[in-house]
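Structural overview
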Amino acid sequence: MASQATLLLQKQLKHLCKNPVDGFSAGLVDDNNVFEWSVTIVGPPDTLYEGGFFNAVMSFPHDYPNSPPTVKFTSEIWHPNVYPDGTVCISILHPPGEDPNGYELASERWMPIHTVESIVLSIISMLSSPNDESPANVEAAKEWRERRYEFNKKVSRCVRRSQDM
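Reference entry: report on the structure contained in this document. (Residues numbered from 1 in each chain as written. Predicted model: local features only at pLDDT ≥ 70, side-chain atom pairs only at ≥ 80, totals over all residues. Heavy atoms only, no water.)

Quick look at the side chain of His94
Inspection of the secondary structure assignment puts His94 in the loop between strand S4 (70-73) and helix H2 (116-128). With residues near it in sequence (within four places) discarded, His94 still touches Pro68, Cys89, Glu104, Arg109 and Trp110. (Helix = DSSP H or I, 4+ residues; strand = E, 2+ residues; numbered from the N terminus. Contact = heavy atoms within 4.5 Å.)

Here's the deal with the pairing of strand S3 (residues 53-59)
Alternating residues of S3 divide into Phe54, Ala56 and Met58, all buried, and Phe53, Asn55, Val57 and Ser59, none buried. Both strand S2 (residues 33-42) and S3 contribute to a ladder of 7 bridges, which runs antiparallel. Residue Val39 lies in a different strand from S3, and its bridge partner there is Ala56. Here S3 runs beside S4; their pairing, made up of 4 bridges, is antiparallel. Residue Val57 lies in a different strand from S4, and its bridge partner there is Lys72. (Buried < 20%, exposed > 50% of the residue type's maximum accessible area, 1.4 Å probe, protein only. Pairing = 2+ DSSP bridges.)

Observations concerning unusual backbone geometry
Of note, the bond from Tyr64 into Pro65 is cis; its omega dihedral lies within 30 degrees of zero at 10°. Along the chain, Pro65 falls in the loop between S3 and S4. Even without being glycine, Asp46 reaches a positive phi, approximately 60°. Within the secondary structure layout, Asp46 lies in the loop between S2 and S3.

Side note on the environment of Met126
With respect to the helices, strands and loops of the structure, Met126 is situated in helix H2. Sequence spacing of Met126 and Asn81 is 45 residues, and the spatial spacing of their C-alpha atoms is 7.6 Å. Beyond its immediate chain neighbours, meaning those up to four positions away, Met126 contacts His79, Asn81, Val82, Val88 and Ile90.

Considering the nonpolar core
One finds Trp37, Ile41, Met58, Phe73 and Ile123 to be the most contacted residues of the largest nonpolar core, which totals 41 residues. Those elements that place two or more of their residues in this core are helix H1 (4-18), strand S1 (24-30), S2, S3, S4, H2, helix H3 (138-146) and helix H4 (148-164). Residue contributions to this core peak at 7 residues, all from H2. (Core = buried A, V, L, I, M, F, W, Y, C linked by side-chain atoms within 4.5 Å.)

Set out below in C-alpha cells:
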C-alpha cells in the first residue's frame with residue numbers, strides 16, 4: 001500500500017502536469033521514485049537572474065508533508081540564500097516549530113500545507129529578493145551589500161552558463 005507521502009506527491013505531480021505554472025517546470029528524476037524531483041526554474045523577469053534556466057533537485061523525506069524537502073541547485077548559482085554546494089536556505093524549508101536560534105517565527109518555517117508549487121514559488125521570490133540578514137553564502141551576501149558590481153557580474157556569468165546547458 002502506498003504511503004501518505006507517495007500519494008500526496010503523485011497528486012501534486014499530476015496537478016502540475018495538468019496545470020503548469022509560469023516560471024518553472026517540474027518532474028521526477030526517475031519515474032520509479034516519487035521522492036526525487038527535477039525542477040527547472042526560469043530566472044524571474046526584471047531580476048539579475050532573468051533569462052537563466054536553473055536546474056535543481058528537490059528531495060522529499062518519507063514523512064512528507066510533516067517534514068520539508070531539501071532543494072539543491074545543480075546549476076551554478078550565486079545568491080546569498082544558496083549555500084556554495086547549491087542547497088537552498090529559505091525559512092519554509094526549515095523544520096517545523098520554533099527556531100532554536102531565534103531568527104525565525106514558527107509561522108515562517110515549514111508547514112504541511114506547502115506544496116511543490118508553493119516551495120518553488122518561494123524560491124523564485126528568493127531570487128527576486130535576497131535576504132542578506134541571514135545568509136547561507138556569506139561571501140555572496142557580503143558582495144550583495146558591499147560590492148554590487150562584482151555580485152552582478154557573477155550572477156550574469158551564472159545566467160550565461162545556465163543558457164548553454
